[in-house]
Amino acid sequence: MLDLRFVVDNLDEVRKALGRRGPQHTVLLDQVAELRARRSTGIQARDAKIQAQKSANDAMAKAPKGTPEFAQKREELKALSGEIKVLEGEVAAIEAQIADILLGLPNLPDPTTPDGKSEEDNQVVRTWGDKPTEVGDKPRDHVDLGTALGILDFERAGRISGARFCVMVGEGARLERALTQFMLDLHTREHGYVEITPPVLVKGESLQNTGQLPKFEADLFKTEKGGADRSYDLYLSPTSEVQLVNMHAGEILEESQLPVRFTARTECFRSEAGSYGKDTRGLIRNHQFGKVELVQITAPEESEAAHEALTGHAEKVLQKLGLHYRLMLLCAADMGFGSRKTYDLEVWLPGQNAFREISSCSNMGDFQARRAQIRYRKAAAPGSNAKEKPRLAHTLNGSGLAVGRTLVAILEQGQRPDGSVVIPEALRPYFGKDVILPKKG
């Protein structure tokens, strides 16, 4: 969430920055300025009434009980008390309006985020590896490959749950499990992340803290407990970024505890309300999917370097698997709601003859930390006993990686003309085989 004081005190700067994301994001700024002015006027009026209340109270204390003066001051106090309550209600209502508007405003782009109007304006930072040459003249996509190998079953998944689900069968299930273990081992043993197994059901407050609510409620699955008690109504998490960021919601960390690095593998759930029929075939955009998430909490001055490092951690997964990919720097108009700067990793899929996103790695600045009240306290200067005032931390997140999309890339880049799929060497100790062979007969 943006800081109200910064928004109002730097209205032109904020308008220009939000305009980089698109003109639709600037229309509420004038309303914020107007509401803040009304809030200030309301607070001044309330404080004046409170001061008058104190004076009247002092005067009544000095007046003899039972006199007309005492009765007059008592009636004056009653009137002032009612007026103060009215003013407090008006200020609270204005503050609620301001909060609602701020919750709907996206993060300000970092100065190093390029301008642009769509994904066509994203910039290629670097490309790693080469397009596979052994996939044959007419490489198949993962749906045809997985179905022929008997490891992906979309038809039975449809019977169980409907469209945009998949059943992993046999070596498909084992491949998904192997990828999960490989990614978690890499991030915990080599990259210094602490593995977490969080709940999958989350509160609306947790989603608001990370920016999914109220903006993306249509893309969420909400559960309801049976009966009249609605206190257990929860959401299925769309990404474990939600749980990992909220691990320290409302806390004040010591500077020595930073950076915090968490990783988790969870099932994620999205309705894909805004996809409008896009990627309905296969595993690319399912309602349920596995993902290994990376989250860091850092001091502000460390977040830029942490962003580069986190992106490198996601890249390392692809590099160890030998998968051809490219790194993209997203333009301001194509970034996620809470991000100030985002890198996308796009893996090459021969069956689609295209690069497709497999991870987004974002620096959120203090956008989520302000919502979730994640703060830290700098260490006191040597020889000083004075405590530093708590400051907002920065949060960062990225997929390390989306498990289903990585499986897709392995199938498509590892396919051979005979219908087999070669398993990346780094994954073989986890998977237990070098190749998936076509079913006999």
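A quick note: this is a predicted structure, and the numbers were derived from the prediction, not measured.

K.L.:
Would you mind going over the side chain of Q243 in detail, with residue names and values included?
P.N.:
Tracing the chain through its elements places Q243 in helix α9 (residues 241-245). The exposure class of Q243 is buried, given its relative accessible area of 7%. A distance of 2.9 Å separates the side chain of Q243 from the side chain of S237, its partner in a polar contact. If we ignore the near neighbours within four places in the chain, the residues touching Q243 are P198, P199, V200, V202 and S237.

K.L.:
Run through the sheet that holds strand β6 (residues 221-222), naming residues and quoting values.
P.N.:
A sheet is described by the order of its strands in space; here 3 strands give the open sequence β5-β7-β6, paired in antiparallel fashion. Two strands lie at the open edges of the sheet, namely β5 (201-202) and β6, each paired on one side alone. In this sheet, strand β7 (residues 235-236) lies alongside β5 in antiparallel orientation, the contact comprising 2 bridges. Across the sheet, the residue bridging to V202 is Y235, located in β7.

K.L.:
Quick rundown of unusual backbone geometry? Include the residues and the values.
P.N.:
A cis amide bond, omega 5 degrees, links L213 with the succeeding residue P214. Within the secondary structure, P214 sits in the loop between α8 (204-210) and β6. P259 follows L258 through a cis peptide bond whose omega is 0 degrees. Tracing the backbone shows P259 in the loop between β8 (252-254) and β9 (260-269). Positive phi is not limited to glycine here, since N353 has a value of about 55 degrees. Structurally, N353 is set in the loop between β12 (341-349) and β13 (354-363). You can call N353 exposed: its relative accessible area is 57%.

K.L.:
Which residues make up the layout of surface pockets, and what values do they have?
P.N.:
The computed volume of the second largest pocket comes to approximately 340 Å³. Taken together, 17 residues form the lining of the second largest pocket, with L2, F6, N107, L108 and D366 sitting closest to its centre. Here the residues of the lining of the second largest pocket are counted per class, giving 8 nonpolar, 3 polar and 6 charged.

K.L.:
Got a sec to walk through helix α2 (residues 11-19)? Specific residues and values, please.
P.N.:
Buried residues of α2: L11, V14, A17 and L18, and no others. Along α2, the residues classed as buried sweep out an arc of 130 degrees about the axis, all on the same side. Exposed positions of α2 whose direction lies more than 90 degrees from the buried face are D12 and K16.

K.L.:
Provide a residue-level description of the side chain of H25, including the pertinent values.
P.N.:
Along the chain, H25 falls in the loop between α2 and α3 (29-62). Only 3.3 Å separates the side chain of H25 from the side chain of Q24, close enough to count as a polar contact. Setting aside anything within four residues of it in sequence, one finds H25 in contact with L18, L105 and P106.

K.L.:
Explain the pairing of strand β16 (residues 394-402) residue by residue, including any values.
P.N.:
Taken across its 9 residues, β16 has 9 buried, putting it largely inside the fold. Here β13 pairs with β16 via 3 bridges, running antiparallel. Each bridged residue has a counterpart across the sheet, and for N363 the counterpart in β16 is L396.

K.L.:
Pulling in residues and values, what's your account of the packing of aromatic side chains?
P.N.:
According to the stated counting rule, one finds 5 aromatic pairs in the structure shown. Residues F216 and F337 carry aromatic rings whose centres are separated by 5.9 Å and whose planes lie at 90 degrees to one another, so their mutual orientation is edge-to-face. Taken together, the positions of F216 in the loop between α8 and β6 and F337 in the loop between β11 (325-329) and β12 put the pair 121 residues apart, joining distant regions of the chain. Their ring planes at 65 degrees and their centres at 5.0 Å tell us that W348 and F355 sit as a pair that is edge-to-face. A network of ring pairs unites the aromatic residues F216, F337 and F367 as a single cluster. Cation over ring: R174 sits above F431, and NZ or CZ is 5.0 Å from the ring centre. Its guanidinium or amino end placed over the ring of Y193, R261 lies 5.6 Å from that ring's centre, counting from NZ or CZ.

K.L.:
So what's going on with the sheet that holds strand β15 (residues 391-392)? Which residues, and what values?
P.N.:
In sheet architecture, strand pairing relies on hydrogen bonds along the backbone and comes in two forms, parallel and antiparallel. In spatial order, the strands read β8-β14-β15; together these 3 strands make up an open sheet with mixed pairing. In this open sheet, the two strands that pair with only one neighbour each are β8 and β15. Pairing analysis gives 2 bridges linking strand β14 (residues 375-377) to β15, with the strands arranged antiparallel. Each bridged residue has a counterpart across the sheet, and for Y376 the counterpart in β15 is R391.

Reading the values: the criteria
Residues numbered from 1 in each chain as written. Predicted model: local features only at pLDDT ≥ 70, side-chain atom pairs only at ≥ 80, totals over all residues. Heavy atoms only, no water. Helix = DSSP H or I, 4+ residues; strand = E, 2+ residues; numbered from the N terminus. Buried < 20%, exposed > 50% of the residue type's maximum accessible area, 1.4 Å probe, protein only. Polar contact = N/O pair within 3.5 Å; in protein donor to acceptor, adjacent residues only side chain to side chain. Contact = heavy atoms within 4.5 Å. Pairing = 2+ DSSP bridges. 1 Å grid on protein atoms, 1.4 Å probe; cavity = no way out; pocket = protein on both sides within 12 Å on 5 of 7 lines; lining within 4 Å. Points joined across faces, edges and corners; volume = space filled by probe spheres on them. Nonpolar A, V, L, I, M, F, W, Y, C, P; charged D, E, K, R; others polar. Arc of directions from axis to C-beta. Phe/Tyr/Trp six-rings, centres within 6.5 Å; stacked < 30°, edge-to-face > 60°. Lys NZ or Arg CZ within 6 Å of the ring centre and 35° of its normal.

In short, shape yes, function no, at least from these values alone.
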